[in-house]
Amino acid sequence: MRDYLLTLCVTAAVTYLLTGPVRKFAIATGAMPEIRARDVHREPTPRLGGIAMFFGLCAGLLVADNLQNLNGVFELSNEPRALLSGAALIWLIGVLDDKFEIDALIKLGAQMIAAGVMVMQGLTILWIPVPGAGMVSLTSWQGTLLTVALVVITINAVNFVDGLDGLAAGMVCIAAAAFFLYTYRLWYGYGIEAAAPATLFSAILMGMCVGFLPHNMHPARIFMGDSGSMLIGLVLAAGAISVTGQVDLDVLKIFEGSTRQATHAALPVFIPLLLPLTIIAIPFADLVLAIVRRTWNGQSPFAADRGHLHHRLLEIGHSHSRAVLIMYFWSALIAFGVVAYSVHSASMWILLVIVALSAVGLVLLLLPRFTPRAPLWAQSFVPPRYRRKRKGEPAAEELASPVPALALAGEAQPVTDVTEERTPVPAGVNGATALGARSRLPDRRKAGSRN
């Protein structure tokens, strides 16, 4: 565990320290695309954050290769080299896309090629567990197709959810933490050496996200871009492929006894083997809903719009930070809930806690739908919008409105006053304005509009 923590810290430190110079490089090279209709940010922000994340990945693998307890992962397995090869290819395509806007079909082909490169070097699914039948071996073509499909789905799911400051990096970090707990338990608890590469990949992935998050939290000073989102998606998929298709669960002796007993005993193991899908459950759901929505409206599945889950959270009244925290909450609930259930599947307390936390999450989702009023004795301790309105006193919404109070009362006001009051302040490139606070006039135009 000490070596894994050291690898994580080195990866995070390298990523954090390189993100600042990478930001200046992105500004100097003009990697600051114009704001699109589907974007939430209102100021041009540099991309190419994936450059720092890729060098953090390289630093993590280099440190692990020189540690005594982790050096065996590189000697007994070719998976780290396979990961580095596929990551370098997908990272290069992402950098070009952040700068020159590559076509979506070209990126899809590059994702398949990167997955194929990893398969050629041994990082592939060799068998899958089937309840009642044990481990079922796959043919070469079956394993290749399943591996490529898992890599492409994971990369695009992470890429689709990268729409708010800190959202993709935080959700992938939560997923990697849950996956690390599961794979470390297989490696250390059951003595399965084949789970060591997946444990290393999860630790490095956490370091990449932790090092980048301070620069990417709202208001973000730099975006990871496709070079970062596709990279962390590929690393997440590589860990899932390693533990799912390389670990032989027969060594756990869970398939002994009757079929019913073996299936029940294997249930805690089958569920975490689907952990790659559960930890990206929210991004995957967003991906499926986006494809259905776009094809239903007669658009291309790759067309951009403002119908993602994070966009809907903003539309119902959540702030930027609260929307990100809600997505974090649901990701952690699903990922860690599955891991906890895999450890103690017979405990009803785990299910009760998951149900209770799900109810809390639903309340948080519906919070903007109602505005509770605090009692009289707590008026001075709550924000103005939760205070009771006194007679002759304007409401908190009226005080916060940019329109003058006389206009709210029905008196005519010059149109020029309102227009000047609502004119956004031009913004700079560093995530803030030079003259005042950030503009709070969101652009709700649909993607594809001429303006």
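Residues numbered from 1 in each chain as written. Predicted model: local features only at pLDDT ≥ 70, side-chain atom pairs only at ≥ 80, totals over all residues. Heavy atoms only, no water.

### Brief notes about the overall build of the protein
- The helix and strand tally for the protein stands at 18 helices and two strands.
- Put simply, the protein has 451 residues, and 46% of those count as buried.
- Of all intrachain contacts in the protein linking residues separated by at least 6 positions in sequence, the fraction that spans at least 24 positions is 73%.
- Only carbon and sulfur atoms are counted for the fraction: they give 65% of the accessible area of the protein, which is about 22,500 Å². (Helix = DSSP H or I, 4+ residues; strand = E, 2+ residues; numbered from the N terminus. Buried < 20%, exposed > 50% of the residue type's maximum accessible area, 1.4 Å probe, protein only. Contact = heavy atoms within 4.5 Å. Areas by Shrake-Rupley, 256 points an atom, 1.4 Å probe, with all protein chains shown as cover.)

### Here we look at the side chain of Ser227
- Within the element layout of this structure, Ser227 appears in helix H9 (residues 225–245).
- A distance of 2.8 Å separates polar atoms of two side chains, one belonging to Ser227 and the other to Asp98.
- For Ser227, the residues in contact, after removing those within four places along its chain, are Leu48, Gly49, Gly50, Ile51, Trp91, Gly94, Val95 and Asp98. (Polar contact = N/O pair within 3.5 Å; in protein donor to acceptor, adjacent residues only side chain to side chain.)

### Notes on the packing of helix H4 (residues 79–100) against helix H5 (residues 104–120)
- Close contact between H4 and H5 brings their axes to 8 Å; oriented N to C, the two are set at 165°. Viewed along their axes, H4 and H5 adopt a mutual orientation that is roughly antiparallel. As H4 packs across H5, the resulting crossing turns out to be right-handed. Each of Ala82, Leu83, Ser85, Gly86, Leu89, Ile90, Ile93 and Asp97 in H4 lies in contact with H5, whose residues at this interface are Lys107, Ala110, Gln111, Ile113, Ala114, Val117 and Met118.
- For the contact of H4 with H5, the residue count by class is ten nonpolar, three polar and two charged. (Axes fitted to C-alpha atoms, helices over the stretch in contact; angles between N-to-C directions. Parallel < 35°, antiparallel > 145°, perpendicular 65-115°, else oblique. Left-handed = near helix turned anticlockwise from the far one by under 90°. Nonpolar A, V, L, I, M, F, W, Y, C, P; charged D, E, K, R; others polar.)

### Here's the deal with the packing of aromatic side chains
- In this structure the tally under the stated criterion is seven aromatic pairs.
- For the pair Tyr4 and Phe180, a centre-to-centre distance of 5.7 Å together with 80° between the ring planes defines the contact as edge-to-face. Taken as a pair, Tyr4 in helix H1 (residues 2–29) and Phe180 in helix H7 (residues 167–189) lie far apart in primary sequence, 176 residues in all.
- Their ring planes at 70° and their centres at 6.0 Å tell us that Phe54 and Phe55 sit as a pair that is edge-to-face.
- Linked through ring pairs, Tyr4, Phe180 and Tyr184 together constitute an aromatic cluster. (Phe/Tyr/Trp six-rings, centres within 6.5 Å; stacked < 30°, edge-to-face > 60°.)

### A closer look at the environment of Val243
- Residue placement: Val243 occurs in helix H9.
- When the C-alpha atoms of Val243 and Ala196 are compared, they prove to be 8.6 Å apart, with 47 residues separating the residues in sequence.

### Details of the pattern of salt bridges
- Scanning the entire structure with this criterion turns up three salt bridges.
- Two residues, Arg47 and Glu101, come together in a salt bridge whose shortest N-O distance is 3.6 Å. Of this pair, Arg47 sits in the loop between H1 and helix H2 (50–65) while Glu101 sits in the loop between H4 and H5; the two residues are 54 residues apart in sequence, bridging distant segments of the chain.
- Residue Glu101 is classed as partly exposed on the basis of its relative accessible area of 47%.
- We note a salt bridge from Asp226 to Lys107, for which the minimum N-O separation is 2.8 Å. With a gap of 119 residues between them, Asp226 in helix H9 and Lys107 in helix H5 connect regions that are remote in the sequence. The pair Asp226 / Lys107 is uniform in exposure class, with both members buried. (Salt bridge = Lys/Arg side-chain N within 4 Å of Asp/Glu carboxyl O.)

### Let's talk about the environment of Asp226
- Accessibility expressed as a relative area gives 12% for Asp226, which makes it buried.
- Separated by 68 residues in sequence, Asp226 and Val158 place their C-alpha atoms 9.8 Å apart.
- Residue contacts for Asp226: discarding those within four places in its chain leaves Gly94, Asp97, Asp98, Lys107, Asn159 and Leu231.

### So, the side chain of Thr7
- Locating Thr7 in the fold gives a position in helix H1.
- Among the polar contacts made by the side chain of Thr7, one reaches the main-chain carbonyl oxygen of Asp3 at a distance of 2.9 Å.
- In contact with Thr7, not counting residues within four places along its chain, are Gly60, Val63, Ala64, Leu67, Leu70, Leu200 and Ile204.

### Focus on the environment of Ala323
- Note that Ala323 resides in helix H14 (residues 320–343).
- On the basis of relative accessible area, Ala323 is assigned to the buried category, the value being 0%.
- With 159 residues separating them in the primary sequence, Ala323 and Leu164 have C-alpha atoms 8.6 Å apart.

### Considering the nonpolar core
- One finds Tyr4, Leu57, Leu200, Leu205, Leu231 and Leu234 to be the most contacted residues of the largest nonpolar core, which totals 93 residues.
- Of all the elements, H7 adds the most residues to this core, at 16 residues.
- The residues contacting Leu200, other than those within four sequence positions of it, are Tyr4, Thr7, Leu61, Ala64, Leu70, Val73 and Phe74. (Core = buried A, V, L, I, M, F, W, Y, C linked by side-chain atoms within 4.5 Å.)

### Quick word on the confidence of the model for the protein
- Averaged over every residue, the pLDDT of the protein is 75; the share at 70 or more is 65%.
- With pLDDT under 50 throughout, residues 395–451 is counted as low confidence; its partners more than four residues away or in other chains account for 57 contacts. (pLDDT = per-residue confidence, 0-100.)

### Some details on a nonpolar patch on the surface
- On the surface, Leu92, Leu96 and Phe100 cluster together to form a nonpolar patch covering roughly 300 Å² of accessible area.
- For Phe100, the position within the fold is in helix H4. (Patch = residues over 30% accessible without salt bridge, like charges linked within 9 Å, V, L, I, M, F, W, Y side chains within 5 Å.)

### Digging into H1
- Given a rise of 1.5 Å per residue, 28 residues ought to cover 40 Å, and the 40 Å separating the end C-alpha atoms of H1 matches this to within 8%.
- At Thr19, H1 shows its strongest bend, of approximately 35°, with the proline Pro21 following within four residues.
- Among the residues of H1, those classed as buried are Asp3, Tyr4, Thr7, Leu8, Thr11, Ala12, Thr15, Thr19, Val22, Arg23 and Ala26.
- Looking at the packing, one finds that the buried side of H1 touches H2, H7 and helix H8 (196–216). (Expected span 1.5 Å × (residues − 1). Bend = angle between axes of the 7 residues up to and from the residue.)

### Side note on unusual backbone geometry
- With an omega of -5°, the peptide bond running from His218 to Pro219 counts as cis.
- Here Pro219 lies in the loop between H8 and H9.
- Of note in the backbone geometry, Leu48 takes a positive phi value of approximately 65° without being a glycine.
- Topologically, Leu48 is positioned in the loop between H1 and H2.
- A residue is classified by how much of its surface remains accessible, and Leu48, at 3% relative accessible area, is buried.
- For Glu101, which is not a glycine, the phi torsion comes out positive at approximately 60°.

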